[in-house]
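# Observations on the three-dimensional arrangement
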Amino acid sequence: MPLRNNKLFYLILLLTLGSFTHAQEFKKVGGQATDIAINPKTGKVFVVAGKNIFTDYDSSAKRWKTFSTRPNNAKSVAVTKDGVVYITSTAGEVFIEVKGKWIKVPGMKTDEVIASKDGRIYAIDTNKDLRQLYNGKWNQLSGQNKITNGLNQVIGIGPKELYARAGDNSFTKFSGGKWNTLNGKPNKIALDHKTGIIYAVGRNKGIYKWENRTNKWILLPGTRKDFVDVAVHNGKIWAVASNKSIYYYDPNKKTADYQGTYRFTFTRVLVFAVEQAMLQKSVDFFGSFGVYANGLTNTKTKSINPLDGAQNTVWKQSKLKATNVHAMFWKTKKYAPFYGHNSTLDRTSQSRYTGEFELGRIREFEVKGETANSNLWFDLQANIKMKTLTYDVVFEWQRLKLPVDKLPMNKEIFFRVEAPRPALNHFFIGFKVNKK
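For the structure given in this document, a descriptive report is provided here. Remember, it's a predicted structure, so these values are computed and weren't measured experimentally. (Residues numbered from 1 in each chain as written. Predicted model: local features only at pLDDT ≥ 70, side-chain atom pairs only at ≥ 80, totals over all residues. Heavy atoms only, no water.)

## What to know about the overall build of the protein chain
The number of helices and strands found in the protein chain is two helices and 36 strands. On C-alpha atoms alone, the protein chain measures out to a radius of gyration of 30 Å, which is more than a quarter above the 22 Å that the 2.2 N^0.38 rule sets for 436 residues. Each principal axis of the C-alpha distribution contributes one length, and for the protein chain these read about 95 × 65 × 30 Å. Sorting the 436 residues of the protein chain into buried and exposed places 47% on the buried side. (Helix = DSSP H or I, 4+ residues; strand = E, 2+ residues; numbered from the N terminus. Rg over C-alpha atoms; globule rule 2.2 N^0.38 Å. Buried < 20%, exposed > 50% of the residue type's maximum accessible area, 1.4 Å probe, protein only.)

Here it is as structure tokens:
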């Protein structure tokens, strides 16, 4: 390959890799659904939940509003290019919403109504034949039904350009008066009426986009692998997971890149003890603390172990070998920024300390694959005790959960472990977080 072509190749490679620097991600929204559709004109989302129809999602309240009157038997929903809403019932009957009432459209039974891009209304009957609604009647089509094993699902640009899942789920296209088998056997297909692009839920339950130029399905970066339904408007994707949760994906909106190695550097421990402040004496601490990482993938929690075989435990001392901390700052008052174990992480407080000892210990966690998402969190846990002149102060087991989006990056902060009795005894664990 000539040098010039080599340079072009590497430039394209760098641009391609750069496009994944801000990986897109499916964001979970409120509510649950068993079916989903989008108004092609406005982009308004409709869902079936509890056998009723909901829309107008409020992202602040994380709630959906009831659409029209409650049918109490809805199975699927479809919306035409003019905003007309159809449903099929659990008994397979078709209804249209007219001025707050659900009017039955008799003549056949089906699992879903199909609203094509050009405004035509289709449905597949119980014999897997395609029918078109015209003048209130479900007319069986001729050429479109000349397909082996019938049809499982159809989406349409117009009567002469349809895409379908055949009876064996093969992805097929109707044009030139006949069906032609394409690539793949998706579980569900959806048409973006705004862009004309086709999307699908694949057999692995991930979301794919159809590439006309190559005749291939392209897996979307950041997709989950537990989807059962999908609807798309102008590139913005709404999908339903197998547990009925609803997710939203905007490919034009850059989201944080969660992939990488997270380094926790434990800098030092600060202490405030009543004996240090009042009697200017040293105190002994023993117990342990550590850091843990957890990711959420396909609704399952996955632990991420520290690199290089390191233990989650960062510091551990027995009572016989307790760490002695001198009263260094009983004359001059010093303060440290901290998060408490019950902190909301929205702000930090300042607290006085009287002694300290150095740590300089590191734990690194490599985050990649399906755990590299906003559900990642780190967990500091401590179980500390302190010797006094008369008895041991038990701080009890405490933890600080740090969601990845609220990590205090590139600055020293402290986790304050508080003794419940007697009050005013504190153990501050200092740490910095960096990502590489």
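Anyway, onward from the coordinates.
## A look at the pattern of salt bridges
Overall, the coordinates contain 15 salt bridges when judged by the stated rule. The partner of D118 in a salt bridge is R120, and the shortest N-O contact between them spans 2.4 Å. Residue D118 is classed as partly exposed on the basis of its relative accessible area of 28%. A salt bridge links R224 to D226; its shortest N-O distance comes to 2.9 Å. (Salt bridge = Lys/Arg side-chain N within 4 Å of Asp/Glu carboxyl O.)

## Here we look at the packing of aromatic side chains
All told, the structure shown has 30 aromatic pairs when counted by the stated rule. Relative to F395, the ring of F285 has its centre 6.2 Å away and its plane inclined at 45°; by these criteria the two rings are tilted. Of this pair, F285 sits in strand β26 (residues 283-297) while F395 sits in strand β34 (residues 392-403); the two residues are 110 residues apart in sequence, bridging distant segments of the chain. Note on accessibility: F285 and F395 belong to one class, buried. For the ring pair F285 and F427, a centre distance of 5.0 Å and an interplane angle of 55° mean the geometry is tilted. With F285 in strand β26 and F427 in strand β36 (residues 426-435), the pair connects residues that are 142 residues apart, well separated along the chain. (Phe/Tyr/Trp six-rings, centres within 6.5 Å; stacked < 30°, edge-to-face > 60°.)

## What about a nonpolar patch on the surface?
Taken together, V274, M278, L279, L389 and L424 make up a surface patch of nonpolar side chains, about 510 Å² in accessible area. One can find L279 in helix α2 (residues 274-279). When its relative accessible area of 48% is taken as the criterion, L279 is described as partly exposed. (Patch = residues over 30% accessible without salt bridge, like charges linked within 9 Å, V, L, I, M, F, W, Y side chains within 5 Å. Areas by Shrake-Rupley, 256 points an atom, 1.4 Å probe, with all protein chains shown as cover.)

## Observations regarding the pairing of strand β15 (residues 161-166)
In terms of burial, β15 is a largely internal element, five of the six residues being buried. Relative to β15, strand β14 (residues 151-158) is paired through six bridges, and the arrangement is antiparallel. The partner of G156 across the bridge, within β15, is L162. The turn linking β14 back onto β15 is made up of two residues. Where β15 lies against strand β16 (residues 171-175), four bridges are found, and the strand directions are antiparallel. Residue pairing for β16: A164 is matched across the bridge by T172. (Pairing = 2+ DSSP bridges.)

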